[in-house]
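Here is how the chains run, residue by residue.
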Number of protein chains: 2
Amino acid sequence: MRRSSAETKAVILAAARERFAADGYDKATIRAIAADARIDPAMVMRYFGTKEKLFAAAAEFDLELPALAPDQAGAGLVRHFLRKWEADEGLQVLLRTGVTNEAAAERMRTIFAGQVMPLVIDLTGDPERAPVRASLIASQVLGLALSRYILKFPPMVAATEEELIAWLSPTVQRYLTE
Amino acid sequence: MRRSSAETKAVILAAARERFAADGYDKATIRAIAADARIDPAMVMRYFGTKEKLFAAAAEFDLELPALAPDQAGAGLVRHFLRKWEADEGLQVLLRTGVTNEAAAERMRTIFAGQVMPLVIDLTGDPERAPVRASLIASQVLGLALSRYILKFPPMVAATEEELIAWLSPTVQRYLTE
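All figures in this text were calculated on a predicted structure; none of them were measured in a lab.

Cut-offs applied
- Residues numbered from 1 in each chain as written.
- Chains lettered and ligands numbered in written order.
- Predicted model: local features only at pLDDT ≥ 70, side-chain atom pairs only at ≥ 80, totals over all residues.
- Heavy atoms only, no water.
- Axes fitted to C-alpha atoms, helices over the stretch in contact; angles between N-to-C directions.
- Helix = DSSP H or I, 4+ residues; strand = E, 2+ residues; numbered from the N terminus.
- Parallel < 35°, antiparallel > 145°, perpendicular 65-115°, else oblique.
- Left-handed = near helix turned anticlockwise from the far one by under 90°.
- Contact = heavy atoms within 4.5 Å.
- Nonpolar A, V, L, I, M, F, W, Y, C, P; charged D, E, K, R; others polar.
- Salt bridge = Lys/Arg side-chain N within 4 Å of Asp/Glu carboxyl O.
- Buried < 20%, exposed > 50% of the residue type's maximum accessible area, 1.4 Å probe, protein only.
- Core = buried A, V, L, I, M, F, W, Y, C linked by side-chain atoms within 4.5 Å.
- Domains from an automatic or database assignment.
- Buried area = accessible area lost by both parts, 1.4 Å probe.
- Polar contact = N/O pair within 3.5 Å; in protein donor to acceptor, adjacent residues only side chain to side chain.
- Expected span 1.5 Å × (residues − 1).
- Bend = angle between axes of the 7 residues up to and from the residue.
- Least-squares fit on C-alpha atoms with pLDDT ≥ 70 in both.
- Lys, Arg positive; Asp, Glu negative; His and termini not counted.

Visitor: Would you mind going over the packing of helix α1 (residues 5-27) of chain A against helix α2 (residues 30-37) of chain A in detail, with residue names and values included?
Guide: Residues and elements named next belong to chain A. Their axes nearest at 9 Å, the elements α1 and α2 cross at an angle of 125°. One element, α1, and the other, α2, form an angle in the oblique class. Where α1 crosses over α2, the handedness of that crossing is right-handed. Across the interface between the two elements, Val 11, Ile 12, Ala 15, Ala 16, Arg 19 and Phe 20 of α1 pack against Ala 32, Ile 33, Asp 36 and Ala 37 of α2. When grouped by side-chain class, the residues that make up the contact of α1 with α2 number eight nonpolar, no polar and two charged.

Visitor: Describe in detail the pattern of salt bridges, supporting the description with residues and values.
Guide: Residues and elements named next belong to chain A. Per the stated rule, a full pass over the model turns up 18 salt bridges over all chains. Glu 64 is paired through a salt bridge with Lys 84; the nearest N and O atoms lie 2.6 Å apart. Taken together, the residues Glu 64 in the loop between α4 (51-59) and α5 (73-87) and Lys 84 in helix α5 connect sequence positions 20 residues apart. Looking at Lys 84, the relative accessible area reads 8%, which means it is buried. Linked through salt bridges whose partners overlap, the residues forming this network are Arg 79, Arg 83, Glu 161 and Glu 162.

Visitor: Report on the nonpolar core, specifying residues and quantitative values.
Guide: With 134 residues, the main nonpolar core has A:Phe20, A:Leu54, A:Phe112, B:Phe20, B:Leu54 and B:Phe112 as its most contacted residues. For B:Phe20, the contacting residues outside a window of four places in its chain are B:Tyr25, B:Ala28, B:Ile33, B:Lys51, B:Leu54, B:Phe55, B:Ala58, B:Val93 and B:Thr97.

Visitor: Got a sec to walk through the domain arrangement of chain A? Specific residues and values, please.
Guide: All names here are of chain A. Each assigned domain of chain A is listed with its residue range as follows: domain 1 (5-59) and domain 2 (70-177). Between the C-alpha centres of domain 1 and domain 2 there is a distance of 26 Å. The interface is formed by ten residues belonging to domain 1 together with eleven residues belonging to domain 2. Of the roughly 910 Å² buried where domain 1 meets domain 2, counting both sides, 65% is carbon and sulfur surface. Among the residues of domain 1 in contact with domain 2, Ala 21, Phe 55 and Ala 59 are the three that bury the most area, contributing 47% of the side total. On the surface where domain 1 and domain 2 come into contact, there are zero salt bridges. Counting across the domain 1 and domain 2 interface gives zero residue pairs in polar contact (both at pLDDT 80 or more). Counting residues per element, the ones that place at least two in the side of domain 1 that touches domain 2 are α1 and α4.

Visitor: So, helix α7 (residues 102-124) of chain A: which residues are in play, and what are the values?
Guide: Helix length check: α7(A), at 23 residues, gives a terminal C-alpha distance of 31 Å against a target of 33 Å (1.5 Å per residue), a fit within 8%. At A:Val116, α7(A) is deflected by roughly 30°, the largest bend along its length, and proline A:Pro118 occurs up to four residues later in sequence. The set of residues buried in α7(A) consists of A:Ala104, A:Ala105, A:Met108, A:Arg109, A:Ile111, A:Phe112, A:Val116, A:Leu119, A:Val120 and A:Leu123. Those residues of α7(A) that are buried are in contact with α4, α5, α6 (89-98), α8 (130-150) and α10 (161-177) of chain A together with α9 (154-158) of chain B. Where α7(A) terminates, the next one or two residues include A:Gly125, which has phi positive at roughly 60°.

Visitor: Requested: an account of the relation of the copies chain A and chain B, with residues and values cited.
Guide: Note: a rotation about an axis with an accompanying shift along it relates these two copies of the chain. Laying chain A over chain B is done by rotating through 180° and shifting 0.0 Å along the axis; what remains is an RMSD of 0.0 Å. Here the two chains are linked by the operation of a two-fold rotation axis. Looking at the rotation axis and the C-alpha trace of chain A, the residue lying nearest is A:Gly143, at 1.9 Å. In this assembly the copies share their binding face: 100% of the residues contributing to the interface of chain A also contribute to that of chain B.

Visitor: With reference to specific residues and values, describe the side chain of A:Arg174.
Guide: Following the sequence through the fold, A:Arg174 ends up in helix α10. Of the side chains with opposite charge, A:Glu178 comes closest to the buried, unpaired A:Arg174, at an N-O distance of 4.9 Å. The contact partners of A:Arg174, leaving out residues within four places of it in the chain, are A:Arg133, B:Ala166, B:Trp167, B:Pro170 and B:Thr171.

Structure (structure tokens):
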């Protein structure tokens, strides 16, 4: 079976996301990622050049933040992030690698500043406090991901989406608008 | 200069905490920790046996949660955790290593279940919801540590202790008692 280069790249990126998430940036190797993808390591190098560039491609993504009514924004954001964390390993990859790798931490800061801050300004019309509001939201939604998907605190793993939204949406709503 | 064995152990543990926090569990080596502590690696092995046991000793600590009045508990807990994170690298070590190492994640779960849950039961008299309340508190205080000390979001780094307490204490108060 022959794959198009777009298909090959997608297969490599999927393997890279899993491997970076499982092993962290430093331990993950091009060789292991290539083996997972059943592709020659030379092909991975040809498409992505270096491990740094492969990581950048694997960790690049759009939070796809939806338009939200101001009074429903807290609940809307918590629901959106929960579904995003469940559906897309990219955020978990970044979180795991960001803890030990400065390049990944920088990407995390860029994503939250670049994507959450504009939403906050849209909702509040207040650019001055938008950076601190976006960071507070990050502290809670990343703390949610950490406790539910990575450290796996049993009550956070057992909670339903609706229960988590009920608990967390007043928090995020307050960081957004109060 | 001769040191007592208690002093030697303390020097090794301090070096181990820094090294585990900087490099993560897998990359940190007994050899590097011994070099940091200016002690022969054989001495480190003699005192602690294995890397696993050295890590367990380095990551073992008491949250030293204070007694808190129910209506001030949110602010009191946020203040306490902020000072703890600043003063004691142990929690940062655990958080960094817990992300990639299951033994460290398990220790983190044990610390929050064993130390935060009894405080919640004391304050609320409600054992049934104490596990979920303790986990929600963990999600916010660990998210705070993650965003301020590890990912270093600029607004979280720049914020004063009092500003963070003002933002976060209603959140922790609600998770505790509402």
